Amino acid sequence: MSEKYKTVEHERPFKYEEGDLNVTRGCAWTGPGCHLGCGVIMYTDQEGKFVKCEGDPEDPWTEGRLCMRCLDAPEVTNHEKRLLYPMKRAVEDRGKDKWERISWDEAYDLITEKFMDMKEKYGAESVVFAQGTGRDIAAYITRLAWSFGSPNYTGFLSGQACYLPRIAGMAATTGAPWIPDCAQQFPERYDHPDYEVPEVMFIWGNYPLKSNLEGFYGHWVIDLMKRGMKIVTVDPKVTWLATKSDLHLRVRPGTDAALALSMMDVIIKEDLYDHDFVDKWCYGFDELKARAAEFSPEKVAEITWVPADKIVAAARMLGKAKNSTLQWGVAVDMTREAMPAGQAILSLWEITGNMERPGGMVVAPEILSVAGGWGRELLGPEQEKKRIGIQDYPLYNFGFAVSQPDETVKTIETGVPYEIHGAWLQTTNPLACMGADPQRLYKALSKLDFIVVVDLFRTPTIEALADVVLPAQTFAERNGLAFISGAQRGSTINKIVDIGETKSDMQINLELGKRWNPDGWPWDNVDEMFTDMLEPTGMTFEELQAVAPAYQPIEYYRHEKGMLRSDGQPGFNTPTGRIELWSNFYSRAGLDPLPYFEEPEPGPGSTPELMDEYPLVMTSGARFWGMFHSEHRQIERMRHYRPWPLMEIHPETAAKYGIKDGDWVWMEGPLGRAKRKAKLTPIMDRRLVSCDHGWWFPEGDPEKFYDVFDLNINNTLPWIPGKSGFGSNYKSSICKIYKVEEGN
Amino acid sequence: MTKYGLLVDAQWCSGCHSCEIACQMEHGLPVGETGIKVVKIGPWPIGDEAEENWQFSYLPIPTKQCDTCASRRAKGKVPTCVQHCQSKCLEFGPVSELAESMDEKQKTMFVLN
């Protein structure tokens, strides 16, 4: 094992026996479940059946803890509704339950014939490769797309409005991705001698206990509160954490940028910023100061619903803290002008000198850089130029090499600048989850000549659109590398069981890649491929399996030591070598170089004329414990906790519209509507309703796509990204509500 | 016979249900049955909403189906609810030992046998 990495001591090898059971230590990265990659202990019985999944007490991230979804992982792996073999359906039968079982060879032959034919006739760019939530498939699906010759790897999510806006924004303005310092980069965790508990953490635009950002275990917040950390919650709802916060800012959805700029105004005017850090390491402070001055707390209180005195108090808490950190979330991305919102929020921690400070924000350590793609050299500059959206949205050169999703949908519809003929959809269910205006997306994708979907279960997307379906594997069925974003560490996903004829995403990608471009895929099996990927670490896959998780030694204040730039100079990896509060890249891209605020549209501030008909502000994507995005709806033990999709509403608001607890209601916006069951609760602002996302009923009719078009709240949301091509209003819209009744 | 207890530091229970599912999987219980159950208290504002003083808490309660994870403990492990509790607000041990740390408001102890 390489000396380069620090590991924890393991009491046993990664596979051992315990009584009648075989035990394997591994990592839960996924599906099913989120993108945290918790350490797990998996048990199989004498028949080889996966019978239990527990947390790994030796995992420094979780110390043996685990959430309900992965505790219930065996139910998912062993589920009777799993896809167990490849299937095909005639294109004219799309939407009909007319599936035919086929062999893997037949499936591969058919896919290869269709895609190669498209490549020859229309160019490789005519096939789009899309994935869903961030998982370990990114390295392999990108390699598949690029080795095929298509630059159009994407996700069907308007404005890539999930983490990518923040990633691209941080890359452009600071040259690095930043994470809140919860000592997750150290195997010793909170006991590391250099670590300091943050004096205050802001929880902004997420509820981390239920929704885990990549590489962030939500209950670290509790660990740190027990160690004395205070919290400030920025959330329109009264959450459990909000009631334990020193301050709770009940912000109107989509107005976070205004709130941040106003806090900045207070911090600057009250001289609470870190002069030394700003002078040495920041660029464009005077311009930022002038911009912030436009956002007085009094004015911003009107915009954000947050009282002026609270804005001032929050600014002072941050400005006066010895060290402070930010746990921000997807609500920042899920507003149309996500880039300036993220820029404004992060600037607060920049000007207060919390960057690279213990208990502040730290640059995420990286060991393998494959999360954004692997093998881009296989694509070549000619094809890269054809990536959809890159001309209009130059910021798509930062962060991940994806095609711009809204433009991709438009290209499918119009054939401009070229025709799209095929789609490869790997572990994504865009008709139920990430796609905006799913009926528009359905019509667009229906135009395609050939669509392949790879997934664990039949989904609305499969029933509506797939011509070939390939059965993927849960984490218990396969090997894999887990180098997860956040404070990256090296873990392995370890196979314990076989289910049907399923294959792992990686194996599917490798086997098809070998057919399409053998030079790009020179490996005989996935373990060999993993070992090649691990080359920079000096470890083989088998070696990493034995010692994982492996940590890169990390220190603080790397910008002072020349550790953040490839030229070894002190500073940050930006054109000026400083954190750019005024961004040169944004300026060059024709965008406002400073953070700004635009009213979410539609909304009370932008479309007052619509408020008579749609009087409520609406937010969606409320997370709950047992389900992840559109997964787990057929998992009985999880569905028990959330049998129906909910809309949360204040009892007084509900009374106004004649709605009682448990009533089925339509939530209808200017573009469309979705059904929810009303849950009356005083945690809601009276002007706001909130609902779950990702709903479909697997128990329903496959030929009605499991009722997805009645249940998908994205029916109300258009495909309109921000000016940079990033961000979209998934979490800020307006609606009216009325009871579901016979005939409506 | 030693009396065992479960000490709950209820101020930290986040309501995540990990204890329930861990228990169900350990004991092979049908959906809906459990050896520990999280109850929710609230949420409601106490007095004027503007005071921001909320009743909003959770409390995990062992049920009749709790067997103290005896067979699991025999292998040197802690009860599965205790291990998996995401807030680390559960502690298992002899009642007499746990009683010594019953020193804070909202700490609650259940006698298990």
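About the cut-offs
- Counting starts from 1 at the beginning of each chain's written sequence and moves along it residue by residue.
- The naming scheme follows written order: chains are lettered A onward, ligands numbered 1 onward.
- At least 70 in pLDDT is required for a residue's local features to be given in this predicted model, at least 80 for side-chain atom pairs to be given and counted, and no such filter applies to totals for whole chains, interfaces and linings, which use all residues.
- By convention in this description, side-chain values take in all heavy atoms of the structure and omit both hydrogens and water.
- A helix here means a DSSP run of H or I that spans at least four residues, while a strand means a run of E at least two residues long, and both kinds are numbered starting from the N terminus.
- Exposed residues in this analysis have more than 50% of their type's maximum accessible area, buried residues have under 20%, and partly exposed residues fall in between, with area computed by a 1.4 Å probe over protein chains only.
- Contacts: residue pairs with any heavy atoms within 4.5 Å of one another.
- To measure how exposed things are, a 1.4 Å probe is used in the Shrake-Rupley method; for residues, cover is taken only from the protein chains shown.
- Within this scheme the basic residues Lys and Arg register as positive and the acidic residues Asp and Glu register as negative, but His and the chain ends are omitted.
- To locate a charge, take atom NZ for lysine, CZ for arginine, CG for aspartate or CD for glutamate.
- Accessible surface is computed with a 1.4 Å probe, and the buried area is the amount of it that two parts give up when combined, taken over both parts together.
- Salt bridge, as applied in this entry: a Lys or Arg side-chain nitrogen positioned within 4 Å of an Asp or Glu carboxyl oxygen.
- Nine residue types can take part in a nonpolar core, namely buried Ala, Val, Leu, Ile, Met, Phe, Trp, Tyr and Cys, and a core is a set of them joined through side-chain atoms within 4.5 Å.
- Where a domain begins and ends is set by an automatic assignment or by a domain database.
- Helices are assigned an expected span. That span is 1.5 Å times one less than the residue count.
- In this analysis, rings of Phe, Tyr and Trp, with Trp reduced to its six-membered ring, are considered paired at centre separations within 6.5 Å, and the interplanar angle assigns stacked below 30 degrees, edge-to-face beyond 60, and tilted for intermediate values.
- When the NZ atom of lysine or the CZ atom of arginine is within 6 Å of a ring's centre and also within 35 degrees of its normal, the charge is said to sit over that ring.
- If DSSP finds at least two bridges between two strands, the strands pair.
- Simply put, an axis is a line fit to the C-alpha atoms, just over the touching stretch for a helix, and the angle between two N-to-C directions goes from 0 to 180 degrees.
- Angles below 35 degrees are treated as roughly parallel, those above 145 as roughly antiparallel, those between 65 and 115 as roughly perpendicular, and all remaining angles as oblique.
- Amino acids outside the nonpolar list (Ala, Val, Leu, Ile, Met, Phe, Trp, Tyr, Cys, Pro) and the charged list (Asp, Glu, Lys, Arg) are all regarded as polar, and Gly is one of them.
- Each crossing gets its handedness from the near helix: less than a right angle anticlockwise from the far helix is left-handed, clockwise is right-handed.

Now for the overall build of chain A. From N to C terminus, chain A includes 24 helices and 29 strands. Here the C-alpha coordinates of chain A stretch approximately 70 × 70 × 55 Å along the principal axes. Sorting the 744 residues of chain A into buried and exposed places 69% on the buried side. In chain A, the share of contacts with a sequence separation of at least 24, taken over all contacts with a separation of at least 6, comes to 74%. Per element, the accessible surface of chain A, about 24500 Å² overall, is 48% carbon and sulfur. Seen as two clouds, the 82 positive and the 109 negative side-chain charges of chain A have centres 4 Å apart.

Attention now moves to the interface of chain B and chain A. Listed as interface residues are 39 residues of chain B and, on the opposing side, 41 residues of chain A. Roughly 3300 Å² is buried in total at the junction of chain B and chain A, and carbon and sulfur atoms are behind 55% of that figure. On the chain B side of the contact with chain A, Trp12, Met25 and Gln86 of chain B bury the most area, a combined 21% of that side's loss. Run the count over chain B and chain A and you get 8 salt bridges. Where Glu52 of chain B meets Lys310 of chain A, a salt bridge forms, and the shortest distance between an N and an O atom there is 2.7 Å.

Below, the discussion takes up the nonpolar core. If you look at soluble globular proteins, the nonpolar side chains tend to sit buried side by side. All names here are of chain A. By size, the foremost hydrophobic cluster in this structure holds 222 residues, and its most contacted members are Trp204, Trp424 and Met529. When residues of this core are sorted by domain, at least three fall in each of domain 1 (169-364) and domain 2 (608-739). Among the nonpolar cores identified, the runner-up in size contains 55 residues, and Ala161, Met647, Ala674 and Phe705 belong to it.

What follows is about helix H18 (residues 505-516) of chain A. Helix length check: H18 of chain A, at 12 residues, gives a terminal C-alpha distance of 16 Å against a target of 16 Å (1.5 Å per residue), a fit within 8%. Buried within H18 of chain A are the following residues: Asp505, Met506, Ile508, Asn509, Leu510, Leu512, Gly513 and Trp516 of chain A.

Residues and elements named next belong to chain A. Counted under the stated rule, the structure contains 38 aromatic pairs over all chains. A centroid spacing of 5.7 Å and a plane angle of 55° characterise the contact between Tyr442 and Phe709, whose relative ring orientation is tilted. Of this pair, Tyr442 sits in helix H16 (residues 438-446) while Phe709 sits in helix H24 (residues 708-711); the two residues are 267 residues apart in sequence, bridging distant segments of the chain. Members of the aromatic cluster, each reached through a chain of ring pairs, are Phe115, Phe129, Phe148, Trp424, Phe450 and Trp516. The ring of Trp695 has Arg633 lying over it, and the distance from NZ or CZ to the ring centre is 4.3 Å.

Next up on the list: the sheet that holds strand S1 (residues 4-9) of chain B. Residues and elements named next belong to chain B. Spatially, S4-S1-S5 is the arrangement adopted by the 3 strands of the open sheet, whose pairing is antiparallel. Each edge of the open sheet carries a strand with a single partner, namely strand S4 (90-94) and strand S5 (107-111). Each adjacent strand pair in this sheet contributes to an overall mean axis angle of 25°, direction not counted. Bridging between S1 and S4 involves 5 bridges; their strand directions are antiparallel. Residue pairing in the sheet places Tyr4 in a bridge with Pro94 of S4.

Right, let's talk about the packing of H18 of chain A against helix H19 (residues 526-533) of chain A for a bit. Residue and element names in this part refer to chain A. Viewed as axis vectors pointing N to C, H18 and H19 meet at an angle of 90°, and their least axial separation amounts to 10 Å. Here H19 runs roughly perpendicular to H18, going by the angle between their axes. For the pair formed by H18 and H19, the contact residues are Met506, Gln507 and Leu510 on the first element and Val526, Met529 and Phe530 on the second.

Residues and elements named next belong to chain A. The domain boundaries assigned to chain A delineate domain 1 (169-364) and domain 2 (608-739). The straight-line distance from the C-alpha centre of domain 1 to that of domain 2 is 28 Å. Between domain 1 and domain 2, the contact holds 20 residues from the first and 26 residues from the second. Put simply, domain 1 and domain 2 have 2 salt bridges between them. In this structure, the salt-bridge partner of Lys723 is Glu337, at a minimum N-O distance of 3.6 Å. The residue inventory of the side of domain 1 that touches domain 2, partitioned by class, reads 10 nonpolar, 4 polar and 6 charged.

Two pairing modes exist for strands in a sheet, parallel and antiparallel, and in both the strands are linked by backbone hydrogen bonds. Pairing is mixed in the closed barrel, where 6 strands are placed in the order S24-S28-S25-S27-S26-S29 (chain A). For this sheet, the mean angle separating the axes of adjacent strands, direction not counted, is 45°.

Residues and elements named next belong to chain A. Within the secondary structure layout, Ala257 lies in helix H8 (residues 256-269). A sequence separation of 80 residues divides Ala257 from Glu337, and the C-alpha atoms of the two residues are 8.7 Å apart. Setting aside anything within four residues of it in sequence, one finds Ala257 in contact with Ala341, Ala344, Tyr596 and Phe597.

All names here are of chain A. Viewed as axis vectors pointing N to C, H8 and helix H10 (residues 285-292) meet at an angle of 115°, and their least axial separation amounts to 8 Å. Taken together, the axes of H8 and H10 lie roughly perpendicular to each other. In the crossing of H8 with H10, the sense of the turn from one axis to the other is left-handed. For the pair formed by H8 and H10, the contact residues are Leu261, Met264, Asp265 and Ile268 on the first element and Phe285, Leu288, Lys289, Arg291 and Ala292 on the second. Among the residues making up the contact of H8 with H10, the classes are represented as 6 nonpolar, no polar and 3 charged.

The next subject is the pairing of strand S4 (residues 38-44) of chain A. Residue and element names in this part refer to chain A. Of all 7 residues that make up S4, 7 are buried, and the element is covered over most of its length. On S4, burial covers both faces: Cys38, Val40, Met42 and Thr44 on one face and Gly39, Ile41 and Tyr43 on the other are all buried. Note that strand S3 (residues 21-28) and S4 share 7 bridges and pair antiparallel. The partner of Cys27 across the bridge, within S4, is Gly39. Relative to strand S5 (residues 50-55), S4 runs antiparallel, the two being bridged by 5 bridges. Bridge pairing links Tyr43 to Lys52 in S5. Here S4 folds back onto S5 in antiparallel fashion, the turn holding 5 residues, of which Gly48 has a positive phi close to 85°.

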